[in-house]
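Fold and geometry: a report
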Amino acid sequence: MSNKNTEMLSVTGLSIGYPGRGKEQGMIFSGIDATAGKGELVALFGRNGVGKSTLLRNIVNLQKPIEGNIMVSGKEIGRFSPNELARTVSFVSTERISVNNLRVTDMVAFGRFPYTGWTGKLGKEDSAVVEKAVQMVGLAHLSHKNINHISDGELQRVMIARTLAQDTPVIVLDEPTAFLDLPNKYEIVHLLGRMASENNKTVLFSTHDLGIAIQEADKVWLMLEEHLAEGAPEDLVLEKSFGSMFSDSRLTFNDSTGEFRIRKMTKKKIGITGSGRGLSWTKKALERIGFEIDDNASNLSVNVVRENSGKFKWELHSPGKVKEYDSVYRLCSDLKTGFSNI
């Protein structure tokens, strides 16, 4: 749990959903207790349909909880006036903004509206804040470009710049890495981490990219079947919380590598020797095609050899025979075809 002196966001006994004729009928998730501190990047993770977006909408007061409390800086979220809330919590949704003739700086400037009064006119200080926010996300060269003419990754940076300009202590983002390519996913989450640490913000974002969250987040809120677990990513790995998410499926979580994999029918046991990255990547390949690594396997084994040139070669040892390969692909191809070529 967060230290009370640094705690910014606190959720206690929260039940979320869509009340209908009775509470139970509209309930999605209940009994949520979680905290997020100042300067923390917090990743919200869970299976599809578990209620991640609903939880975020409750936290930013776009939807009312069935029961429980959401406290921001010691104050219940429902007690904020609209203007107070806009100065305290900012929200980035998954919806793509499409407005004609709106420039990057115009979109970022929307973040200053809680401070401009009824006129909505930016002062010198507001303009300086907007310019700084655009620079912080690395989009100064696109400041006058139409937002309909930039990439998805650039648009996400624009929306993050808008929250920076809004200058709220709590920033909430729903799937900010959705639809982005791999480099942009890492760049966006790294940027969120910088925002949190350098500006002492509390940044909460939902994601399906667990590998990125494990590497970048200070804390994970993990929505399991019946409760929300929270802690450093490493805590949840060591507690085997991630693996329990998919206990009813063929998906497995390797708590040594932090990877999810489909559980496959094992064809046969195979031994492997060698060292370094050649050994580790060959192990991954053999497991991918359904082999179980067993150091005591005597009938079939692979030796990974790194030559003086730095390249690798592979020796497949079977009873009375050794065959050499110049790639993992050729090795696996033979193994997959039932050893007919060995």
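Above this text is the structure in question.
What comes next concerns the included structure.

This part is about the overall build of the protein chain. Per the secondary structure count, the protein chain includes 12 helices and 17 strands. Taking 2.2 N^0.38 as the reference for a compact globule, 342 residues should give roughly 20 Å; the C-alpha atoms of the protein chain span a radius of gyration of 25 Å, well beyond that estimate. Partitioning the intrachain contacts of the protein chain with sequence separation of at least 6 by distance along the chain shows that 62% fall at a separation of at least 24. When the accessible surface of the protein chain is totalled, it reaches about 18,000 Å², and 48% of it is carbon and sulfur. Distance between charge centres in the protein chain, computed from 43 positive and 41 negative side chains, equals 4 Å.

The 6 strands lie next to each other as β6-β7-β8-β3-β9-β10, forming an open sheet whose pairing is mixed. Only two strands of the sheet have a single neighbouring strand rather than two, namely β6 (89-92) and β10 (228-231). When strand polarity is set aside, the average angle formed by the axes of neighbouring strands in this sheet is 15°. Here β6 runs beside strand β7 (residues 170-173); their pairing, made up of 4 bridges, is parallel. Note that in β7 the partner of F91 across the bridge is V172. Most of the contacts of helix α6 (residues 152-166) go to β6, to which it runs at about 170°, and overall it touches β6 and β7.

Between helix α5 (residues 124-136) and α6, whose axes approach to 8 Å, the crossing angle comes to 140°. What the angle tells us is that α5 and α6 run oblique. Relative to α6, the crossing made by α5 is right-handed. Contact with α5, carried on its side by V129, V130, A133, V134 and M136, involves A161, L164 and A165 of α6 and no other residues of that element.

Under the counting rule described, the total for this entry stands at 12 salt bridges. Across the salt bridge formed by R194 and E198, the nearest N and O atoms sit 3.3 Å from each other. Taken together, the residues R194 and E198, both in helix α7 (residues 182-199) and 4 residues apart, mark about one turn of the helix. R194 gets classed as partly exposed once you look at its relative accessible area, which sits at 31%. In this structure, D334 engages K323 in a salt bridge whose closest nitrogen and oxygen atoms are separated by 3.0 Å. Linking D334 in helix α12 (residues 328-336) with K323 in strand β17 (residues 321-325), this pair joins segments that are 11 residues apart in sequence. The buried category is assigned to D334, whose relative accessible area is 7%.

Spatial strand order, β14-β13-β15-β16-β17: 5 strands in an open sheet with mixed pairing. Whereas interior strands pair on both sides, the edge strands pair on one side only; in this sheet they are β14 (292-293) and β17.

Rules of the game
- Residues numbered from 1 in each chain as written.
- Predicted model: local features only at pLDDT ≥ 70, side-chain atom pairs only at ≥ 80, totals over all residues.
- Heavy atoms only, no water.
- Helix = DSSP H or I, 4+ residues; strand = E, 2+ residues; numbered from the N terminus.
- Rg over C-alpha atoms; globule rule 2.2 N^0.38 Å.
- Contact = heavy atoms within 4.5 Å.
- Areas by Shrake-Rupley, 256 points an atom, 1.4 Å probe, with all protein chains shown as cover.
- Lys, Arg positive; Asp, Glu negative; His and termini not counted.
- Charge placed at Lys NZ, Arg CZ, Asp CG, Glu CD.
- Pairing = 2+ DSSP bridges.
- Axes fitted to C-alpha atoms, helices over the stretch in contact; angles between N-to-C directions.
- Parallel < 35°, antiparallel > 145°, perpendicular 65-115°, else oblique.
- Left-handed = near helix turned anticlockwise from the far one by under 90°.
- Salt bridge = Lys/Arg side-chain N within 4 Å of Asp/Glu carboxyl O.
- Buried < 20%, exposed > 50% of the residue type's maximum accessible area, 1.4 Å probe, protein only.

These figures capture arrangement, not role.
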